[in-house]
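Descriptive analysis of the structure
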Amino acid sequence: MTAAEQAESLAAGETTSVELTQAHLDRIAAVDGTAESGVHAFLHVDAEGALEQAAASDARRAAGSPAHALDGVPIAVKDVLATSGLPTTCGSKILEGWVPPYDATVVRRLKEAGLPILGKTNMDEFAMGSSTEHSAYGPTRNPWDLGRIPGGSGGGSAAAVAAYEAPLAIGTDTGGSIRQPGAVTGTVGVKPTYGGVSRYGLVALANSLDQAGPVTRTVLDAALLHELIGGHDPLDSTSVDQPVPALVAAAREGASGDLTGLKVGVIAELSGDGWQPGVMTRFQESVDLLVKAGAEVVEVSCPTFVHALAAYYLILPAEASSNLAKFDAMRYGLRVVPEGDPSAEEVMKATRDAGFGDEVKRRIILGTYALSSGYYDAYYGQAQKVRTLISRDFAAAYEQVDVLVSPTAPTTAFELGEKLDDPLAMYLNDLATIPANLAGVPGISVPAGLADEDGLPVGVQVLAPALADDRCYRVGAALETILTDKWGGQLLEQAPALEGLSA
Amino acid sequence: MPEPISRDDVAHLADLARIDLDDAELDHLAPQLAVILESVASIQGVADDDVPPTSHPVPLTNVFREDVVVPGLTAEQALAGAPASDEQRFSVPRILGDEQ
């Protein structure tokens with residue numbers, strides 16, 4: 001059942017939140033396993049807390065006062081969001097066992113709306129990665145093929161939803177970490193407009209890029225969750241003080257499959273040579289379906305997008321090196337004390353060496369370099385100018401069209417370990433998703449089918465102007481409706497690995 | 001074009017970033033950083049001097065609230081995640097070096 005169907009079932013009195021929550025906990029117990037044996041989508045499962053929240057939800061509903069349409073529907077939360085009373089590690093050894101004394105605003109809104117929190121999902125350490133192999137607690141596996149990556153950095157959230165361990169999950173998207181895992185696991189992933197969902201309590205990787213958002217199995221479910229977590233938050237200085245657009249209404253409108261009057265731009269720079277043929281075939285089919293649905297499709301050029309990857313891999317490490325300076329072994333987290341009578345600085349160095357993994361060290365040092373005297377203008381300063389050019393490309397494109405589309409990722413899920421020693425190859429996975437983060441515009445990835453050559457999921461990405469997130473939902477829902485009719489059901493129902501897991 | 005990054009540069013940067021890398025880590029990281037920097041160097045010259053830099057996708061403004069007292073974390077909550085604490089304070093290693 002989708003989250004919307006579970007909510008309907010709760011409203012109709014056909015099931016209880018305790019039953020739903022227990023069913024998902026059972027599923028987690030059956031398939032999640034360990035990094036060696038199962039999906040390993042979760043780092044922490046809070047069965048007791050989730051069941052308590054579910055019982056409270058059932059009591060509210062029995063009294064005739066549910067807090068929200070999704071009251072009682074369980075959810076999983078990426079381990080980068082602070083959860084009071086529940087460990088928050090960001091996939092890092094440096095925060096092993098840390099329990100925050102407060103809730104992130106997103107988490108607080110989930111709790112106030114009555115969604116039982118099943119647990120915290122696995123991720124690349126401090127959200128640095130495209131495969132969830134950089135988690136200090138071992139990788140998550142793709143439910144479509146346990147030998148493959150679930151995408152990153154939010155592979156845990158995507159895999160939990162794909163493996164039916166949770167109907168809903170929260171992810172964060174700094175360069176594509178909701179959309180790219182969505183694409184390679186056959187789920188729906190949304191990066192809202194920057195500032196559209198509060199970042200308070202989200203452990204920052206790169207402040208100017210990070211954005212929390214929904215991971216679900218349907219576009220409607222994403223819209224329901226996005227409307228719940230979105231909206232202004234005075235605790236976050238980057239929060240946009242504007243009402244959330246009518247996302248659920250847009251998803252329902254799109255589900256009619258009619259896009260008459262809509263202009264869609266295919267981004268010329270985000271397809272073609274170097275892209276997996278099966279990805280391009282499914283993408284082209286999706287474009288053809290948009291035309292059949294009544295949309296007018298034109299090719300649009302965004303010439304500076306070819307520099308987005310380089311700009312991103314200078315801006316992100318620069319911000320990350322500054323953000324991660326807070327892990328200094330003094331007030332929280334790991335402390336490694338060398339022998340003798342070490343100074344605070346020596347303790348700090350030893351702790352950061354032991355607590356951070358390779359990818360985090362790589363990016364901290366890269367960021368320190370990009371910000372250092374003599375190189376600042378050549379690297380970081382230029383990257384910020386390229387960011388201006390990318391925003392201008394988007395603005396020019398949106399003068400011609402209502403939304404832009406591209407494949408979400410250049411390839412389907414690759415094999416675990418395949419790109420671990422080649423950071424550049426790993427970074428290329430974010431090629432199509434990064435421009436939206438640099439410009440702050442919203443994007444959705446919806447399943448587009450399976451690549452012919454490997455039978456693995458492909459995603460198509462729909463991008464809209466800032467604060468026009470509703471357009472993503474309208475187009476995403478239309479595509480989903482047409483494709484689901486064609487497949488005779490959800491794409492996830494075709495996942496062979498899931499059959500093995502349900503045994 | 002800046003000079004290619006050397007192993008010594010990486011060691012110096014690690015020192016600035018307060019990360020105690022050992023020789024094996026330096027051997028592993030230095031060549032990777034050189035390759036990454038060579039790749040991102042393509043960004044130089046893309047934008048002219050007249051292009052303003054963008055540090056943030058939305059304009060930032062200060063957020064103010066009324067100056068009223070609201071409950072904060074208790075000392076116990078604030079210290080709950082501390083590696084070491086003593087008498088309601090964070091206990092930290094020696095701050096000053098031998099020469100001070």
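Conventions we followed
- Residues numbered from 1 in each chain as written.
- Chains lettered and ligands numbered in written order.
- Predicted model: local features only at pLDDT ≥ 70, side-chain atom pairs only at ≥ 80, totals over all residues.
- Heavy atoms only, no water.
- Helix = DSSP H or I, 4+ residues; strand = E, 2+ residues; numbered from the N terminus.
- Rg over C-alpha atoms; globule rule 2.2 N^0.38 Å.
- Buried < 20%, exposed > 50% of the residue type's maximum accessible area, 1.4 Å probe, protein only.
- Contact = heavy atoms within 4.5 Å.
- Areas by Shrake-Rupley, 256 points an atom, 1.4 Å probe, with all protein chains shown as cover.
- Lys, Arg positive; Asp, Glu negative; His and termini not counted.
- Charge placed at Lys NZ, Arg CZ, Asp CG, Glu CD.
- Buried area = accessible area lost by both parts, 1.4 Å probe.
- Salt bridge = Lys/Arg side-chain N within 4 Å of Asp/Glu carboxyl O.
- Nonpolar A, V, L, I, M, F, W, Y, C, P; charged D, E, K, R; others polar.
- Pairing = 2+ DSSP bridges.
- Right-handed = clockwise from strand over helix to strand, strands pointing away.
- 1 Å grid on protein atoms, 1.4 Å probe; cavity = no way out; pocket = protein on both sides within 12 Å on 5 of 7 lines; lining within 4 Å.
- Points joined across faces, edges and corners; volume = space filled by probe spheres on them.
- Expected span 1.5 Å × (residues − 1).
- Axes fitted to C-alpha atoms, helices over the stretch in contact; angles between N-to-C directions.
- pLDDT = per-residue confidence, 0-100.
- Parallel < 35°, antiparallel > 145°, perpendicular 65-115°, else oblique.
- Left-handed = near helix turned anticlockwise from the far one by under 90°.

Quick look at the overall build of chain A now. Broken down by element type, chain A carries 17 helices and 11 strands. Here the C-alpha atoms of chain A give a radius of gyration of 21 Å, agreeing with the 23 Å that 2.2 N^0.38 yields for 503 residues. For chain A, the C-alpha atoms occupy an extent of roughly 70 × 55 × 45 Å along the three principal directions. The buried share among the 503 residues of chain A stands at 67%. A separation threshold of at least 6 residues defines the contact pool for chain A, and within that pool the share at least 24 residues apart is 76%. A total of about 15200 Å² of accessible surface is found on chain A, and carbon and sulfur atoms cover 51% of it. Positive and negative side-chain charges of chain A, numbering 34 and 63 respectively, have mean locations separated by a distance of 4 Å.

Taken together, the contact pairs 55 residues of chain B with 59 residues of chain A. Summed over both sides, the interface of chain B with chain A buries roughly 5100 Å², with 68% coming from carbon and sulfur. A per-residue breakdown of the area chain B buries against chain A is headed by Arg18(B), Ile43(B) and Arg94(B), which together make up 13% of the total. The salt bridge involving Arg18(B) is made with Glu345(A); its shortest N-O contact spans 4.0 Å. Those elements that provide at least two residues to the side of chain B that touches chain A are α1 (7-16) and α2 (23-40) of chain B. Among the elements that line the side of chain B that touches chain A, the one with the most residues is α2(B), at 10 residues. Classifying every residue of the side of chain B that touches chain A gives 34 nonpolar, 13 polar and 8 charged.

Right, let's get into the pairing of strand β3 (residues 117-121) of chain A. Residue and element names in this part refer to chain A. The element β3 is extensively covered by neighbouring structure, given that 5 of its 5 residues are classed as buried. Summarising the sheet, strand β1 (residues 42-45) and β3 pair through 3 bridges and their orientation is antiparallel. Note that in β3 the partner of His 44 across the bridge is Lys 120. In this fold, strand β2 (residues 75-78) hands off to helix α4 (residues 105-113), which returns the chain to β3; that crossover is right-handed.

To continue, consider the layout of surface pockets. Residue and element names in this part refer to chain A. Each pocket or cavity is described by its volume, and for the largest pocket that value is around 500 Å³. Along the lines of polarity and charge, the residues of the lining of the largest pocket split into 16 nonpolar, 6 polar and 4 charged. Lining the second largest pocket are 19 residues; nearest its centre among them are Thr 218, Glu 480, Thr 481, Thr 484 and Gln 490.

Residues and elements named next belong to chain A. Its 16 residues give helix α3 (residues 47-62) an end-to-end C-alpha distance of 22 Å, which sits within 8% of 22 Å, the value for a rise of 1.5 Å per residue. In this fold, the buried residues of α3 make contact with α1 (3-11), α2 (17-31) and β3. The first or second residue beyond α3 is Gly 64, which carries a positive phi of 80°.

Let us now look at the pattern of salt bridges. All names here are of chain A. Under the defined criterion, the tally for this structure stands at 24 salt bridges over all chains. In this structure, the salt-bridge partner of Arg 199 is Asp 236, at a minimum N-O distance of 3.9 Å. Separated by 37 residues along the polypeptide, Arg 199 in the loop between β5 (188-191) and β6 (212-216) and Asp 236 in the loop between α7 (219-229) and α8 (247-254) bring together distant segments of the chain. The same class applies to Arg 199 as to Asp 236, namely buried. Through salt bridges with shared partners, a single ionic network connects Arg 282, Glu 285, Asp 452 and Lys 486.

Here we take up the sheet that holds β5(A). Residue and element names in this part refer to chain A. With mixed pairing, 11 strands are arranged side by side in an open sheet as β1-β3-β2-β4-β6-β5-β10-β11-β9-β7-β8. Edge positions in the open sheet fall to β1 and β8 (296-300), since each of these has one partner strand only. Strand-to-strand twist across the sheet, computed as the mean angle between neighbouring axes with direction ignored, equals 25°. Note: β2 against strand β4 (residues 168-172), 3 bridges, orientation parallel. Each bridged residue has a counterpart across the sheet, and for Val 77 the counterpart in β4 is Ile 170. Contacts from helix α9 (residues 277-292) reach β7 (263-267), β8, β9 (403-407), β10 (443-450) and β11 (457-463) within the one sheet, and its direction differs from that of β9 by about 150°.

Our next topic: the confidence of the model for chain B. For any part of a model where pLDDT is low, the fine detail of the predicted coordinates should not be relied upon. Taken residue by residue, chain B gives an average pLDDT of 90. The fraction at 70 or more is 94%. This prediction of the complex comes with two scores: 0.97 for pTM and 0.94 for ipTM.

One water molecule sets the probe size; rolling that probe over the atoms shows where empty space is left. All names here are of chain A. This model, assessed by the stated rule, comprises 1 cavity of 30 Å³ or more. When its volume is computed, the largest cavity comes out at roughly 50 Å³. Lining of the largest cavity is provided by Ala 127, Gly 129, Gly 175, Ser 177, Tyr 312, Tyr 313, Arg 363 and Asp 430. Residues of the lining of the largest cavity, tallied by class, amount to 3 nonpolar, 3 polar and 2 charged.

Residue and element names in this part refer to chain A. Relative orientation of the contacting elements α8 and helix α16 (residues 469-487) amounts to 30°, with a least axis distance of 7 Å. By the angle between their axes, α8 is roughly parallel relative to α16. The hand of the α8/α16 crossing is right-handed. Contacts from Leu 247, Ala 250, Ala 251, Glu 253 and Gly 254 in α8 reach Asp 469, Asp 470, Tyr 473, Arg 474, Ala 477, Ala 478 and Thr 481 in α16. For the contact of α8 with α16, the class distribution of residues is 6 nonpolar, 2 polar and 4 charged.

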